[in-house]
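Here is how the chains run, residue by residue.
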Amino acid sequence: MINRNIIQLENGNMEWVNTVNITAENKKVLNEKDKLSTEFLEYATDADESPRSEYDDLNRIKLLCFDVPYYDRIMESLATVPLVFIIRENTLYTFIEKNEDYEYLNSLLENTVTEKVYDSMYHLLFSVVYKFCLIYHDKLKVINKERADIKKSFRKSVKNTDIYKLLNIEQGLTYLSTSLKANRLALNTLKRHWNVNIKKLSEVEEEKLEDVMIEIDQAMEMTEIITTIAEKEKTTYSTVIDNNLNTTMKFLTVFTILLEIPSMIFGFFGINTNVPFQNMKDGWIYVVLITGIICTMFTLGLWKKRFLK
């Protein structure tokens, strides 16, 4: 579905064309009526498209693909999805999917475009991108809180669920880090190419673009810090689990040896030869006492050697 809206700017109006769940018919209309190239439309509909900044010299069309984070309910982890902006003359094209996971992203896009009167279309574009950059900071704060909660839980007891949660955190951080680096590269290309060869950005536009790049740099730094902490904590957790396993194996070894001592003694007194206490009515009591004394001495010896600590 193609929604066409007129957006008021400080120095005139622009058209915002928001395509929802694009179909083959929508592609045909955008290609034939709006003169958008097939290549750019493929970029706009590819869910795995990487961030990029492109310019079609023939049709004088500009494209910006920017990754934005969201929470994948199926994978129960953070992921990123490309948001594509296409600019042709005085028209801004955006492409979204009506998906439960993307609901917040779609709402943010619509609210940002319509929330105020912008100086220009590029000012609007960079303002939208800026709002999406802030999502990275929000998601990183959530990740950091989850990491801290796992740390507290791990100190009390080791649970498999905590390991799986930490795995999801590492996966989400990988997605965020990769997307942030690609976004930074795309914006560098945009700033270098668009600003010099295509359109000289105004002071307001350039300032907003700088704000976007600063937010990306801060998010990249925060991602690296959290990733480093998570990796060190994972190493610590692995060491703790190994130590717990060693302690368990040590206990089982000692317990097995202790069980063998009575078996050996009772086996000795069960042989068909003359043995001590065989003619005594309460001889079995002495056998049990001797077994208990030997087991106690063995246990105390291990304790003094700090084998049980």
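Description of the structure in this document. Only a predicted model underlies this, so the values are computations on that prediction, with no experimental measurement involved.

Criteria and thresholds
Along each chain, residue indices are assigned from 1 in the same order as the chain's sequence is written. The model is predicted, so local features are restricted to residues of pLDDT at least 70 and side-chain atom pairs to those at 80 or more, both for listing and for counting; the totals for chains, interfaces and linings are taken over all residues. The side-chain figures draw on all heavy atoms in the structure; neither hydrogens nor water molecules are used. Numbering goes from the N terminus for both helices and strands, where a helix is a DSSP run of H or I of at least four residues and a strand is a run of E of at least two. Buried means the residue's accessible area, taken with a 1.4 Å probe over protein chains only, is under 20% of the maximum for its type, while exposed means over 50%, and partly exposed covers the values in between. Any two rings among Phe, Tyr and Trp, with Trp reduced to its six-membered ring, count as a pair given centres within 6.5 Å; such a pair is stacked if its planes are under 30 degrees apart, edge-to-face if over 60, and tilted if neither. By convention a nonpolar core is built from buried Ala, Val, Leu, Ile, Met, Phe, Trp, Tyr and Cys residues, the set being connected through side-chain atoms within 4.5 Å. Contact criterion: two residues are considered in contact whenever any of their non-hydrogen atoms come within 4.5 Å of each other.

1. A closer look at unusual backbone geometry
Excluding glycine, most residues fall at negative phi; most peptide bonds, likewise, are trans.
Then step 1. Even without being a glycine, Asn21 presents a positive backbone phi close to 50 degrees.
Then step 2. Within the secondary structure, Asn21 is located in the loop between strand 2 (12–20) and helix 1 (24–32).
Then step 3. Taking the relative accessible area as the measure of exposure, Asn21 reaches 31% and is therefore partly exposed.
Then step 4. Even without being a glycine, Glu89 presents a positive backbone phi close to 55 degrees.

2. What to know about the packing of aromatic side chains
Then step 1. According to the stated counting rule, one finds 3 aromatic pairs in the structure shown.
Then step 2. On the basis of an interplanar angle of 25 degrees and a centroid distance of 4.0 Å, the ring pair of Phe154 and Tyr237 is categorised as stacked. With Phe154 in helix 4 (residues 121–156) and Tyr237 in helix 6 (residues 203–269), this residue pair connects regions lying 83 residues apart in the sequence. In terms of burial, Phe154 and Tyr237 fall into one category: buried.
Then step 3. Between Phe251 and Phe255 the ring centres are 6.0 Å apart and the planes differ by 15 degrees, which places this aromatic pair in the stacked class. Of this pair, Phe251 and Phe255 both sit in helix 6, 4 residues apart, which is roughly one turn of that helix.
Then step 4. Residue Phe251 is classed as exposed on the basis of its relative accessible area, which comes to 53%.

3. Overview of the nonpolar core
Burial of nonpolar side chains together is a common tendency in soluble globular proteins.
Then step 1. Judged by nonpolar contacts, the single largest core of 56 residues is most densely connected at Phe85, Leu92 and Phe132.
Then step 2. Of all the elements, helix 4 adds the most residues to this core, at 15 residues.
Then step 3. Every residue in contact with Phe132, bar those within four places of it in the chain, is listed here: Phe66, Val68, Pro69, Leu83, Leu105, Leu108 and Leu109.

Note that every value here comes from positions in space, so none of it alone points to a role or purpose.
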